[in-house]
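Coordinates in review
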Amino acid sequence: MRYPICLALALALSPAPLPAEINPANCAGAAKYSESRRGTAVLVMQNGRTIFEHYANGGSATRRWPIFSGTKSFWGITALAAAQEGLFRLDDPVSDTITEWKRDPRKSQITIRQLLRQTDGIEGASHLQRPSIRDRNAMAIVLPSVAEPGSAFIYGPSHLQIFSELLRRKLRGRSVISYFEAHVSHRLGLHDLKYKKDARGNPLPATGFELTAREWARLGELVVGDGNYDRRQIVSSPVLREAFVGSQINPAYGLTFWLNQQAPNGREADLERMLDLPWQNAHWPGVCICKDAPADMVVALGSHYQRLFIVPSLKAVIVRQGSGGNFSDAQFLRLVLGRVE
């Protein structure tokens, strides 16, 4: 009877197995697939080092490329940093700060977490991206509620624009952009970003950043590092984990990050095509990005198949940039991970 006990003790004391290594040859196959579909960059990092890098179709290691809605995840990290600092709690009502909402039966119930999950029920309002708008924040906070808070996932720029106004008020005169730079972007070594500011100086958190593949990968390294980048803590590990909890209405979306938690038994979907559907017609429960990728994978996602895939269990960061094309996240990931039959 001693042997099972000794064996159990030995297993308990033995080091955890190292993450499986990604094969650069598999990455080359994935890069070929990406390039054939108008891809401009593929960068694969594992255990803090670059194991594969490829550019095509006008891309290069030094060329910044629009990441579109990949911008949202940077602001999601900013929200977590502000929560960690005590500016607010994620489950605080937005109306505690945007007091104009207090008498609205729906808006008064919306929490900051719901804003960041895009489940607040506010109209998505893609028109907020127009450069001609003088004050996006003012326009965003008067948008109509079209669903009960928590009952619908409605993708669009409105939610983060409202959050931008909430953060502006919490900062009591300090600049939202300066806060973002001090707490997130400059700590990642990112400078000279395009904020698409309106005439009042409000940033457009939903989109706008242009980054090289190597620059975008730094956000992935932050996640793999449990909130630390280059030995600097940006958010604590427990706070960071808040970003990777989906909602009941959309388990595939956390706080500005997409989730693969419903793999391996989920229904693979082209997220961009689903987002093109009217919100009433999109069914998110059961959706995953790739059944053959680890369930702990999270993704920062931008239009035209800009992708930052982050796989903490493999300590891997995978960047794909491009100009649209008929691209499949699932096929690309299967190639990278060597899981093509």
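The text that follows walks through the structure, step by step, so that each part is easy to find. Keep in mind that this is a model prediction, so the values were computed, not measured.

Some remarks on the nonpolar core
- Of all hydrophobic cores here, the largest spans 68 residues; its most connected members are Phe74 and Phe163.
- Apart from the residues lying within four places of it in its own chain, the contact partners of Phe163 are Trp75, Ala79, Phe88, Ile112, Leu115 and Leu116.
- One finds Ile51, Trp258, Val287 and Tyr305 within the second-largest nonpolar core, a separate group that totals 38 residues.

So, the environment of Val223
- Among the structural elements, Val223 can be located in helix H8 (residues 213-224).
- Sequence-wise, Val223 and Ile310 are 87 residues apart; in three dimensions their C-alpha atoms are separated by 7.4 Å.
- Beyond its immediate stretch of four places on either side in the chain, Val223 contacts Leu240, Phe244, Phe257, Val298, Ile310 and Pro312.

A short note on helix H3 (residues 71-85)
- With 15 residues, H3 should reach 21 Å at 1.5 Å per residue; the first-to-last C-alpha distance of 22 Å fits that figure.
- Most of H3 is tucked away, with twelve of its 15 residues classed as buried.
- If you check which residues of H3 are buried, you get Thr71, Lys72, Ser73, Phe74, Trp75, Gly76, Ile77, Thr78, Ala79, Leu80, Ala81 and Ala82.

Quick word on the packing of aromatic side chains
- One pass over the full model with this rule turns up 19 aromatic pairs.
- Considering the side-chain rings of Phe74 and Phe209, the 5.7 Å spacing of their centres and the 65° angle between planes classify their relative orientation as edge-to-face. Residue Phe74 is located in helix H3, and its partner Phe209 is located in the loop between helix H7 (176-185) and strand E4 (210-211); the two are separated by 135 residues in the primary sequence. Comparing Phe74 with Phe209, the two get one shared label, buried.
- Chaining the aromatic ring pairs together yields one cluster made of Tyr33, Tyr305, Phe309, Phe327 and Phe332.
- Arg320 extends its terminal NZ or CZ atom over the ring of Phe327, reaching a point 4.0 Å from the ring centre.

Examining the pattern of salt bridges
- Scanning the model with the defined rule gives 17 salt bridges in all.
- Across the salt bridge formed by Asp96 and Lys102, the nearest N and O atoms sit 3.6 Å from each other.
- Using a relative accessible area of 44% as the deciding quantity, one classes Asp96 as partly exposed.
- Residue class for Lys102 comes out partly exposed when judged on its relative accessible area of 46%.
- The partner of Arg334 in a salt bridge is Asp292, with the nearest N and O atoms 2.8 Å apart. You can see Arg334 sitting in helix H11 (residues 329-337) and its partner Asp292 sitting in the loop between strand E9 (287-288) and strand E10 (298-302), a full 42 residues away along the chain.

What to know about the packing of H3 against H7
- Contact pair H3 / H7: the axes reach a minimum separation of 10 Å and the direction vectors enclose 85°. Compared by their axis directions, H3 and H7 come out roughly perpendicular. On the side of H3, the interface is formed by Phe74, Trp75, Ile77, Thr78, Ala81, Ala82 and Glu85, while H7 contributes Val176, Tyr179, Phe180, His183 and Val184.
- Residues belonging to the contact of H3 with H7 are distributed by class as follows: nine nonpolar, two polar and one charged.

Remarks on the pairing of strand E12 (residues 316-322)
- Burial within E12 is extensive, with seven of its seven residues counted as buried.
- Burial along E12 is two-sided: the face carrying Ala316, Ile318, Arg320 and Gly322 and the face carrying Val317, Val319 and Gln321 are both buried.
- When strand E1 (residues 39-46) meets E12, the two strands line up antiparallel, connected through seven bridges. Counterpart to Val44 in the pairing with E12 is Ile318.
- In this sheet, E12 lies alongside strand E11 (residues 306-311) in antiparallel orientation, the contact comprising five bridges. Considered in E12, the bridge of Ile310 is made with Val317.
- Where E11 folds back onto E12 in an antiparallel hairpin, the turn is made up of four residues, including Lys315, whose phi is positive at roughly 50°.

Rules of the game
- Residues numbered from 1 in each chain as written.
- Predicted model: local features only at pLDDT ≥ 70, side-chain atom pairs only at ≥ 80, totals over all residues.
- Heavy atoms only, no water.
- Core = buried A, V, L, I, M, F, W, Y, C linked by side-chain atoms within 4.5 Å.
- Buried < 20%, exposed > 50% of the residue type's maximum accessible area, 1.4 Å probe, protein only.
- Contact = heavy atoms within 4.5 Å.
- Helix = DSSP H or I, 4+ residues; strand = E, 2+ residues; numbered from the N terminus.
- Expected span 1.5 Å × (residues − 1).
- Phe/Tyr/Trp six-rings, centres within 6.5 Å; stacked < 30°, edge-to-face > 60°.
- Lys NZ or Arg CZ within 6 Å of the ring centre and 35° of its normal.
- Salt bridge = Lys/Arg side-chain N within 4 Å of Asp/Glu carboxyl O.
- Axes fitted to C-alpha atoms, helices over the stretch in contact; angles between N-to-C directions.
- Parallel < 35°, antiparallel > 145°, perpendicular 65-115°, else oblique.
- Nonpolar A, V, L, I, M, F, W, Y, C, P; charged D, E, K, R; others polar.
- Pairing = 2+ DSSP bridges.

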